Amino acid sequence: MAEDTRLPLVRPVPKGGDWRGNALIGGSWENEMMLAPGFLDAGNILVEYWKAHRPDDTLALPILYNLRHGIELALKIAIRDAAACARRDGIVDAKWERDELDQRLGRTHKIGSLAEELNECLALLKGIAGTDNGQLDVDTKEVLDSLHNLDESGQAFRYSVVKTGSGKHRKLAPARPDVQYVDLEHIAGVLYEVGVLVFGGVCSVLEQYRDRQQANRDAQFGPAGA
């Protein structure tokens, strides 16, 4: 029997090859915090490729999908961070407990619901509630609501047909029944900015808030391990 010399699909660069061709996936470092900027950057890189090779309508939906998914992950990261801050502030509500939160976020892909939940949790935090630097501003919320209307469940940018209705009325329908002209460079730019604002802006505010919580705790009880 001849020896099977085929190489496995998932493998490092073979010995003698350029090690820079290796990419790291998996392990404890791989989480939504690492994936969110990757999807945002992938969408942005595709936009630059599209600009250099347009017209290429086949790239429009992959661009929008990558940006949408990056925003979804960024919102979920911010919700988890805000909930952790609320728990450290002494907020007792099963809705914001880690297990309940993980189960709920694992079931939803709705941008509008995630944006509402983030603002709800931010409103619980002392020093952030009602301030522009914490909660999502009106313009950002408007973009997120528009994105929600374009792709409510994370399916419309992935497929040409989507499931509608429920029960015996459930059926497949065109995701975009009418032809539309869209300013792809504009919409992609706006979505990328919103993704960066949520991931780099809101999450940074929450990180600073967490640091203040720790500093207040240290001042009251002394540094941990002291």
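Structure: above.
Only a predicted model underlies this, so the values are computations on that prediction, with no experimental measurement involved.

Analysis parameters
- Residues numbered from 1 in each chain as written.
- Predicted model: local features only at pLDDT ≥ 70, side-chain atom pairs only at ≥ 80, totals over all residues.
- Heavy atoms only, no water.
- Core = buried A, V, L, I, M, F, W, Y, C linked by side-chain atoms within 4.5 Å.
- Buried < 20%, exposed > 50% of the residue type's maximum accessible area, 1.4 Å probe, protein only.
- Helix = DSSP H or I, 4+ residues; strand = E, 2+ residues; numbered from the N terminus.
- Contact = heavy atoms within 4.5 Å.
- Pairing = 2+ DSSP bridges.
- Expected span 1.5 Å × (residues − 1).
- Phe/Tyr/Trp six-rings, centres within 6.5 Å; stacked < 30°, edge-to-face > 60°.
- Lys NZ or Arg CZ within 6 Å of the ring centre and 35° of its normal.

*Asks:* Hey, could you run me through the nonpolar core in this one?
*Replies:* Across soluble globular proteins, nonpolar side chains have a tendency to be buried as a group. Membership of the largest hydrophobic core comes to 43 residues, with the highest contact counts inside it found for Ile63, Ile71, Leu75, Leu118, Leu144 and Leu206. The set of elements that each furnish at least two residues to this core consists of helix 1 (32-53), helix 2 (60-88), helix 3 (98-107), helix 4 (111-122), helix 5 (138-150) and helix 6 (184-221). Sequence-distant contacts of Ile63, defined by excluding residues within four places in its chain, comprise Gly43, Leu46, Val47, Trp50, Leu184 and Ala188.

*Asks:* Help me understand the pairing of strand 1 (residues 161-164) in this model?
*Replies:* Side chains on a regular strand alternate between the two faces of the sheet. Pairing of strand 1 with strand 2 (residues 171-174), which is carried by 4 bridges, proceeds in the antiparallel orientation. Bridged to Thr164 within strand 2 is Lys171. Linkage of strand 1 to strand 2, two consecutive antiparallel strands, is achieved through a turn of 6 residues, within which Gly165 is found at a positive phi near 75 degrees.

*Asks:* Quick question: what am I supposed to make of the environment of Asn149 here?
*Replies:* As for its placement among the helices and strands, Asn149 is situated in helix 5. With relative accessibility at 64%, the residue Asn149 sits in the exposed group. Remark: the alpha-carbon pair of Asn149 and Gly112, spanning 37 residues in sequence, is separated by 8.4 Å.

*Asks:* Before we go on, may I ask you to explain unusual backbone geometry in this structure?
*Replies:* For residues besides glycine, phi is generally negative; the peptide bonds are generally trans as well. The peptide bond linking Arg54 to Pro55 adopts the cis configuration, its omega dihedral lying at 0 degrees. Topologically, Pro55 is positioned in the loop between helix 1 and helix 2.

*Asks:* What's the story with the side chain of Lys141 in this structure? I'm lost.
*Replies:* As for its placement among the helices and strands, Lys141 is situated in helix 5. The contacts of Lys141, once residues within four sequence positions are left out, are Ala115 and Glu116.

*Asks:* What am I meant to see in helix 2 here?
*Replies:* Across its 29 residues, helix 2 extends 43 Å between first and last C-alpha, which sits within 8% of the 42 Å expected from 1.5 Å per residue. Of all 29 residues in helix 2, 22 are buried; the element is thus mostly enclosed. Among the residues trailing helix 2, Gly90 stands out with phi positive, at a value near 95 degrees.

*Asks:* Help me understand the packing of aromatic side chains, please; the structure alone is not making it clear to me.
*Replies:* Working definition: an aromatic ring pair is given by the centre-to-centre distance plus the angle between the planes. In total, this model carries 0 aromatic pairs according to the counting rule given. Directly above the aromatic system of Trp96 lies the positively charged group of Arg104, at a separation of 5.8 Å from the ring centroid.

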